[in-house]
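Remarks on the overall topology
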Amino acid sequence: MDDLELELCKSLHKDHMITLQLLERLETTLGPKSSDLPDTTGGDFRNLLTDLVTVLEAEVKGHFAFEEEHLFPRFADEIDPAITEMLQGEHEIIRPIATQLTDLARAALKEGFTPDNWDEFRNAGLELVEREVFHVQKEEMGFLPGLDEILDEDEDRELNMMYLSAT
Ligand SMILES: [Fe+2]
Ligand SMILES: [Fe+2]
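Numbers given for residues are sequential positions, taken from 1 along each chain in its written order. By the order in which they are written, chains take letters starting at A while ligands take numbers starting at 1. The predicted origin of the model limits local features to residues at a pLDDT of at least 70 and limits the giving and counting of side-chain atom pairs to 80 or more, whereas totals for whole chains, interfaces and linings rest on all residues.

Concerning the overall build of the protein chain
Formally: Helix and strand assignments come from DSSP, with helices taken as H or I runs of at least 4 residues and strands as E runs of at least 2, each series counted from the N terminus. Contacts are defined on C-beta atoms placed from the backbone: any two residues whose C-beta positions lie within 7 Å are in contact.
When helices and strands are tallied, the protein chain shows 5 helices and 0 strands. Walking the protein chain from its N terminus toward its C terminus, one meets helices and strands in the order α-α-α-α-α. In terms of principal-axis extent, the alpha carbons of the protein chain reach across some 55 × 30 × 25 Å. At a minimum sequence separation of 6, the contacts of the protein chain that also span at least 24 residues come to 79%.

Structure below.
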């Protein structure tokens, strides 16, 4: 999105794009169902698992928490509480799936997948892709442009510094 003015909105947008890229890689990898367990000892699949742990943790612990604590209340007051209630509800559904997935990815990085773990990982991964792509798209369409209108320059600078140090 080129028309966002505020540094904070640009930072949030940048992280949304990193998340979408990761979800796309995850979806491509999980797409064709195969009976073979993936090789977790090296190559693309191992890189994906490593990136998944890093990106999802920053996302859930940093990005989600920051939105909930600093941005949703402000947006609710000035624009529309129904929107932030919906976004918050989506965070609450996504958070446990992301945690489940990072736990499975960590275990797989150490000792590979068992058939059961791989099944669980695939299902959780596909569910995360579906829910989170939709969530990010909603924030990109309604939430960020709205936020971009209501914060002044000083608030923007301060919030952006806080966001960058929290993620
Ligand atoms: Fe969000
Ligand atoms: Fe977001």
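Observations concerning the packing of helix H2 (residues 43–78) against helix H3 (residues 81–111)
Stated precisely, the cut-off is as follows: Throughout, an axis means a line fitted to C-alpha atoms (over the contacting stretch in the case of helices), and angles, computed between N-to-C directions, take values from 0 to 180 degrees. Roughly parallel covers angles under 35 degrees, roughly antiparallel covers those over 145, roughly perpendicular covers 65 to 115, and oblique covers all other angles. Left-handed describes a crossing whose near helix is turned anticlockwise from the far helix by less than a right angle; the clockwise case is right-handed. The residue classification treats Ala, Val, Leu, Ile, Met, Phe, Trp, Tyr, Cys and Pro as nonpolar and Asp, Glu, Lys and Arg as charged. All others, Gly included, are polar.
Axis separation between H2 and H3 bottoms out at 9 Å; the angle between their running directions is 160°. In this view, H2 runs roughly antiparallel relative to H3, as classed from their interaxial angle. In this structure, H2 crosses over H3, and the sense of that crossing is left-handed. Class assignment of the residues belonging to the contact of H2 with H3 gives a composition of 17 nonpolar, 5 polar and 5 charged.

Quick notes on H3
What counts here: One fewer than the residue count of a helix, multiplied by 1.5 Å, yields its expected span. Two axes enter the bend calculation: one fitted to the seven residues ending at the residue in question, the other to the seven starting there, and the bend is the angle between them. Field definition: a residue is buried when 20 or more other C-beta atoms are found within 10 Å of its C-beta, exposed when 12 or fewer are, and partly exposed for counts in between, with C-beta atoms placed from the backbone.
In this model H3 runs 45 Å from its N-terminal to its C-terminal C-alpha over 31 residues, within 8% of the 45 Å that 1.5 Å per residue would give. Where H3 bends most, the angle comes to about 25°, and this point is Ile-94, followed within four residues by the proline Pro-96. Taken together, the buried positions of H3 are Thr-84, Leu-87, Ile-94, Ile-97, Ala-98, Leu-101, Thr-102, Leu-104, Ala-105 and Ala-108. In this structure, the buried side of H3 is in contact with H2 and helix H4 (115–150). Phi turns positive one or two residues past the end of H3, at Gly-112, with a value near 75°.

Thoughts on H4
When the terminal C-alpha atoms of H4 are compared, their 50 Å separation across 36 residues agrees well with the 52 Å that a helix rising 1.5 Å per residue should span. Most pronounced at Glu-140, the bend in H4 amounts to some 40°. Those residues of H4 that sit buried are Phe-121, Ala-124, Gly-125, Leu-128, Val-129, Glu-132, His-135, Val-136, Glu-139, Phe-143, Leu-144 and Leu-147.

Some points on the nonpolar core
Rule in force here: Among buried residues, those of type Ala, Val, Leu, Ile, Met, Phe, Trp, Tyr and Cys that are joined through C-beta atoms within 7 Å form a set called a nonpolar core.
Of all hydrophobic cores here, the largest spans 20 residues; its most connected members are Leu-52, Leu-101 and Leu-128. Looking at this core, the elements with two or more residues in it are helix H1 (7–30), H2, H3 and H4. Excluding residues that lie within four positions of it along the chain, Leu-128 makes contacts with Ile-94, Ile-97, Ala-98 and Leu-101. Counting 15 residues, the second-largest nonpolar core is a separate cluster that includes Leu-6, Leu-71, Phe-72 and Phe-143.

Some remarks on the packing of H2 against helix H5 (residues 153–166)
It is the contact of H2 with H5, at a shortest axis distance of 9 Å, that shows an interaxial angle of 150°. Two packed elements cross with a definite hand, and for H2 against H5 that hand is right-handed. Here H2 contributes Gly-62, Phe-66 and His-70 to the contact with H5, which in turn contributes Leu-159, Met-162, Tyr-163 and Ala-166. The class makeup of the residues in the contact of H2 with H5 is 5 nonpolar, 2 polar and no charged.

Things to note about the environment of Asp-36
Residue position: Asp-36 is located in the loop between H1 and H2. In this structure Asp-36 comes out as exposed when scored by C-beta crowding, with 6 C-beta atoms within 10 Å. Distance from Asp-36 to Trp-118, taken between C-alpha atoms, is 9.7 Å for residues 82 residues apart in sequence.

Section: the environment of Ile-93
Along the chain, the position of Ile-93 falls in helix H3. Assessed through the 13 C-beta atoms surrounding it within 10 Å, Ile-93 is described here as partly exposed. Along the chain, Ile-93 and Glu-130 lie 37 residues apart, while their C-alpha atoms are 12 Å from each other.

Looking at the environment of Thr-114
Mapped onto the elements of the fold, Thr-114 is located in the loop between H3 and H4. Taking the C-alpha atoms as reference points, Thr-114 and Val-60, 54 residues apart in sequence, are found 26 Å from one another.

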